[in-house]
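# Per-entry structural report
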Amino acid sequence: MREYIYCDTCKEETLHELVRAERNLYRCTECGSYTTYTPRKEIELRAIISSGPESVRGTVRVRKGDRIEKGEEYIVDTDRGHKIGEITSIELKNGQRVESSDVEKIETLWLRDVGEVELRMSLHKRSVTTPFKMVVDGEAEFEVGETLVVNGRRYRIHRIKLINGGVLRKEGSRARARDIRRVYAKYEGR
């Protein structure tokens, strides 16, 4: 068994190999020094991750004794593979919803998929507004003033509404797709 453990000799976290399991004795693969280390046990928490209108059940692996907070990101194992999720709500075993908790008290983690997100847009052409959705990487950035091509037509972003309630209007202001509630763009031509 191998673990990354802080090495007193190397003065950094290095890869260690288990030498004697009954004594939790590990040897540093860099310098060869020995140390005792008791790894914390991991537990699985039930997780529900939402991607747009669809939710999928899965699990999140965490270490016993850890504390989890709303807004943190975790990898969720689902029957459809791994997804990266941001915690939106923490449900305790007594049914109460909280902002943070010790992992032992948690029943379910509610997350939103931030790996791939559904970006919603309002595309304006004179007095007609057309809603449009597209799936993009959560890390993709959009900028006020940027030109987008949608169905062969050019639209210029004039406003970006954020999930936290803020609105970007200033030319050059940027936001990641995972932080955007809606993009507003005006028709510029073909």
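Presented here is a report on the structure given in the accompanying data block. (Residues numbered from 1 in each chain as written. Predicted model: local features only at pLDDT ≥ 70, side-chain atom pairs only at ≥ 80, totals over all residues. Heavy atoms only, no water.)

## Some remarks on the overall build of the protein chain
Of regular secondary structure, the protein chain possesses zero helices and 20 strands. Sorting the 190 residues of the protein chain into buried and exposed places 34% on the buried side. In the protein chain, 41% of the contacts between residues at least 6 apart in sequence involve partners at least 24 apart. When the accessible area of the protein chain is evaluated, it comes to approximately 11800 Å², of which 44% is carbon and sulfur surface. With 38 positive and 33 negative side-chain charges, the protein chain shows a spacing of 8 Å between the two charge centroids. (Helix = DSSP H or I, 4+ residues; strand = E, 2+ residues; numbered from the N terminus. Buried < 20%, exposed > 50% of the residue type's maximum accessible area, 1.4 Å probe, protein only. Contact = heavy atoms within 4.5 Å. Areas by Shrake-Rupley, 256 points an atom, 1.4 Å probe, with all protein chains shown as cover. Lys, Arg positive; Asp, Glu negative; His and termini not counted. Charge placed at Lys NZ, Arg CZ, Asp CG, Glu CD.)

## Quick look at the environment of Arg169
Mapped onto the elements, Arg169 comes out in the loop between strand S18 (167-168) and strand S19 (174-176). Owing to a relative accessible area of 57%, Arg169 belongs among the exposed residues under this scheme. Sequence-wise, Arg169 and His158 are eleven residues apart; in three dimensions their C-alpha atoms are separated by 6.4 Å. When near neighbours in sequence (up to four residues on either side) are disregarded, Arg169 contacts Val144, His158 and Arg159.

## Remarks on the sheet that holds strand S3 (residues 25-28)
The strand order across the open sheet formed by four strands is S1-S2-S3-S4, and the pairing between neighbours is antiparallel. The two strands at the open ends of the sheet, each matched to only one other strand, are strand S1 (2-7) and strand S4 (34-36). Within this sheet the neighbouring strands show an average axis-to-axis angle of 45°, counted without direction. As paired elements, strand S2 (residues 12-20) and S3 share four bridges and run antiparallel to each other. For Arg20, the partnering residue across the bridge sits in S3 and is Leu25. (Pairing = 2+ DSSP bridges. Axes fitted to C-alpha atoms, helices over the stretch in contact; angles between N-to-C directions.)

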